[in-house]
Amino acid sequence: MFDIKYEKIKNQLIEEATEILASNYKNNITVPSNILYPHQWFWDSCFIAIGLRHIDIEKAKSELTNLVKGQWKNGMIPNIVFGNNNGGRKISNIWRSQVSPFSPDNVFTSGITQPPMLAEAVYKVGEMLDKKERKLWFGMMINHIIDYHQWLYLDRDPHSEGLVLLLHPYESGMDNSPPWMGELHKSFTPKWIKYTEKLHLDFIYNFFRLDTKFVNKFERMSNVDAMSLYSLQINMRKKQYNTEKILGHNSFAIEDLAFNSVLIRANDYLEKISDFIDKEIPKNLKNNIKKSRSAIDNLWDNENAEYFSRNFETHKFIKISSISSLLPLYSGAITQERANHLVKTLESHDKFSVPFPIPTVPVSSEWFSPMNYWQGPTWINMNWLIIEGLKNYGFDDHADILIKKTLELVEAGGFSEYFDPIDGRPLGIDNFSWTAALTIDLLSSD
Ligand code: GLC
């Protein structure tokens, strides 16, 4: 697949990526960034394990076994598992997971989840083990995955639609993505935040923010967005992270397209794991898995010929385009015809075809902002997911081109958190773990 140039730089890139992962390794886990994210994040750890499996299988396993130490008694896997050091305790105080009777004993965590990448990570780590070891590994992890997927359906799909809902933008993993921010500011931003903006007082929030101390503020979400997210977080904490309590009148809940696409694919991996060790998946979960595969098409909007997320209460599409529209490719649950349509969108110059793809927002969108976090920049994990999605539907040549372009970005800009899709410049924090781990995976897989 690679031309001579890549064969040459392959070893060098793998070496550099390995060094970054080693420098971000702290007490059995690899933090996303020593500076900005010094704890364990759910989907980061999954991507990290997928990369680490090529260079250090024991570390890859412990990444995931440590993650599930933070799993809640109701099955939820939190987006952050805090270390037990002082820094961890201090910041976990914002979340106060102990307010929920379901939070784990002796581990501090957040109170919300993140895209369900665990099943794929467990499976891919297993691929590197011999049959006996793989059986042991799958046997050790399968109940964690079953409990988590059960929680997603039982707690987050109250109308049994086969589509789970999210309650906070952080749960989507794409913190300030336009569909989420559009919906949030439409009716859920508290008045006091709107006044703060009107009076230009939102700068005060800078004093409480850590990210803008290390990264240019134009590369991060606005203070108003950050305040709105914080206020949602506090509201969830007040309700002990109890979905039923949070889902009151006029609640903010979204059936997120990308998250549900990831879940559908994760269900496939769960089934593969269960087949391998001959362990039955509970019947109710099996039914939900089936329902989800067809429910993804309820997120297809005929009018725009596009997939969108949906408001949980009103069932109205959130018609703001973003990279999520392409994620059904990754789910593997859509028809070839729809997949062909998505690939055309990917190739379209006024949408996703730019010098350094894939932008997280189409370039023609009024939201497109090439340096701003999830509102335009190219992220390596998104490219990785879409590469997998392209392979699902036989677009292997497209996948190869995207792999090359992704590696070019890293080769020129380093292992940054994200990149400008127009000029390729590195953005966000340096030495970011999933950029390093997924580079290793792209260079090591055939
Ligand atoms: C940011 C990203 C999120 C990631 C976290 C840690 O919050 O939006 O997806 O998991 O950082 O890297």
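In short, a report on the structure. Bear in mind the structure is a predicted one, so any value in this text is a computation, not a measurement.

**What to know about the overall build of the protein chain**
And then number 1: Of regular secondary structure, the protein chain possesses 19 helices and 10 strands.
And then number 2: On C-alpha atoms alone, the protein chain measures out to a radius of gyration of 21 Å, which is about the 22 Å that the 2.2 N^0.38 rule sets for 446 residues.
And then number 3: Projected onto its principal axes, the C-alpha coordinates of the protein chain cover approximately 60 × 50 × 50 Å.
And then number 4: Counting every position in the protein chain, which comprises 446 residues, the buried fraction comes to 60%.
And then number 5: Put simply, 71% of the contacts in the protein chain that link residues at least 6 apart link residues at least 24 apart.
And then number 6: For the protein chain, the exposed surface amounts to about 18300 Å²; the carbon and sulfur share of it is 51%.
And then number 7: Across the protein chain, the centroid of the 48 positively charged side chains sits 6 Å from that of the 55 negatively charged ones.

**Some remarks on the pattern of salt bridges**
And then number 1: Considering all chains together, one arrives at 23 salt bridges under this definition.
And then number 2: Notably, a salt bridge pairs Arg-265 with Glu-120, separated by 2.8 Å at the nearest N-O pair. In this pair, Arg-265 sits in helix α13 (residues 257-277) while Glu-120 sits in helix α5 (residues 118-126), placing the two residues 145 residues apart along the sequence.
And then number 3: For Arg-265, a relative accessible area of 5% corresponds to the buried category.
And then number 4: Residue class for Glu-120 comes out buried when judged on its relative accessible area of 1%.
And then number 5: Arg-156 is the salt-bridge partner of Asp-155, the closest N and O atoms lying 3.5 Å from each other.
And then number 6: Overall, Asp-155 belongs to the partly exposed group, its relative accessible area being 24%.

**Brief notes about the side chain of Gln-114**
And then number 1: With respect to the helices, strands and loops of the structure, Gln-114 is situated in the loop between α4 (86-95) and α5.
And then number 2: A distance of 3.0 Å separates a polar side-chain atom of Gln-114 from the backbone nitrogen of Trp-43.
And then number 3: Setting aside chain neighbours within four positions, we find Gln-114 in contact with Trp-41, Phe-42, Trp-43, Asp-44, Ile-77, Asn-79, Tyr-148, Tyr-170, Glu-171, Gly-173 and Phe-259.

**Some words on the nonpolar core**
And then number 1: Leu-64 and Leu-118 are the most contacted members of the largest nonpolar core, which totals 140 residues.
And then number 2: Considering each element in turn, this core owes the most residues, 11 residues, to α13.
And then number 3: Apart from the residues within four sequence positions on either side, Leu-118 is in contact with Phe-42, Cys-46, Leu-64, Leu-67, Val-68, Ile-77, Met-141 and Ile-145.

**Re helix α16 (residues 336-347)**
And then number 1: Look at α16: 16 Å from first C-alpha to last across 12 residues, which is about the 16 Å you get at 1.5 Å a residue.
And then number 2: Residues Ala-339, Leu-342, Val-343, Thr-345 and Leu-346 constitute the buried set of α16. Along the axis of α16, the buried positions cluster into a sector of 155°, meaning they face one direction only. For α16, exposure combined with an orientation more than 90 degrees from the buried face picks out Glu-337 and Lys-344.
And then number 3: Packing partners of the buried residues in α16 comprise β7 (306-307), α15 (328-331), α17 (380-392) and α18 (396-413).

**Points about the packing of aromatic side chains**
And then number 1: Overall, the coordinates contain 23 aromatic pairs when judged by the stated rule.
And then number 2: When the ring of Phe-42 is compared with that of Tyr-148, the centres are 5.6 Å apart and the planes differ by 70°; the resulting orientation is edge-to-face. On the criterion of sequence distance, the pair formed by Phe-42 in helix α2 (residues 42-52) and Tyr-148 in helix α6 (residues 131-156) is long-range, its members being 106 residues apart.
And then number 3: Residue Tyr-148 is classed as buried on the basis of its relative accessible area of 1%.
And then number 4: Aromatic side chains Trp-72 and Tyr-241 sit 6.1 Å apart centroid to centroid with 80° between the ring planes, which places their arrangement in the edge-to-face category. With Trp-72 in the loop between α3 (57-67) and β4 (80-81) and Tyr-241 in the loop between α11 (223-238) and α12 (243-246), the pair connects residues that are 169 residues apart, well separated along the chain.

**Focus on the packing of α18 against helix α19 (residues 433-444)**
And then number 1: Their axes nearest at 11 Å, the elements α18 and α19 cross at an angle of 135°. In terms of axis orientation, α18 runs oblique to α19. When the axes of α18 and α19 are compared, the crossing they make is left-handed. Contacts between α18 and α19 involve Ile-403, Thr-406, Leu-407 and Val-410 on the former and, on the latter, Thr-435, Thr-439, Leu-442 and Leu-443.
And then number 2: Here the residues of the contact of α18 with α19 sort into 5 nonpolar, 3 polar and no charged.

Calculation rules
- Residues numbered from 1 in each chain as written.
- Predicted model: local features only at pLDDT ≥ 70, side-chain atom pairs only at ≥ 80, totals over all residues.
- Heavy atoms only, no water.
- Helix = DSSP H or I, 4+ residues; strand = E, 2+ residues; numbered from the N terminus.
- Rg over C-alpha atoms; globule rule 2.2 N^0.38 Å.
- Buried < 20%, exposed > 50% of the residue type's maximum accessible area, 1.4 Å probe, protein only.
- Contact = heavy atoms within 4.5 Å.
- Areas by Shrake-Rupley, 256 points an atom, 1.4 Å probe, with all protein chains shown as cover.
- Lys, Arg positive; Asp, Glu negative; His and termini not counted.
- Charge placed at Lys NZ, Arg CZ, Asp CG, Glu CD.
- Salt bridge = Lys/Arg side-chain N within 4 Å of Asp/Glu carboxyl O.
- Polar contact = N/O pair within 3.5 Å; in protein donor to acceptor, adjacent residues only side chain to side chain.
- Core = buried A, V, L, I, M, F, W, Y, C linked by side-chain atoms within 4.5 Å.
- Expected span 1.5 Å × (residues − 1).
- Arc of directions from axis to C-beta.
- Phe/Tyr/Trp six-rings, centres within 6.5 Å; stacked < 30°, edge-to-face > 60°.
- Axes fitted to C-alpha atoms, helices over the stretch in contact; angles between N-to-C directions.
- Parallel < 35°, antiparallel > 145°, perpendicular 65-115°, else oblique.
- Left-handed = near helix turned anticlockwise from the far one by under 90°.
- Nonpolar A, V, L, I, M, F, W, Y, C, P; charged D, E, K, R; others polar.

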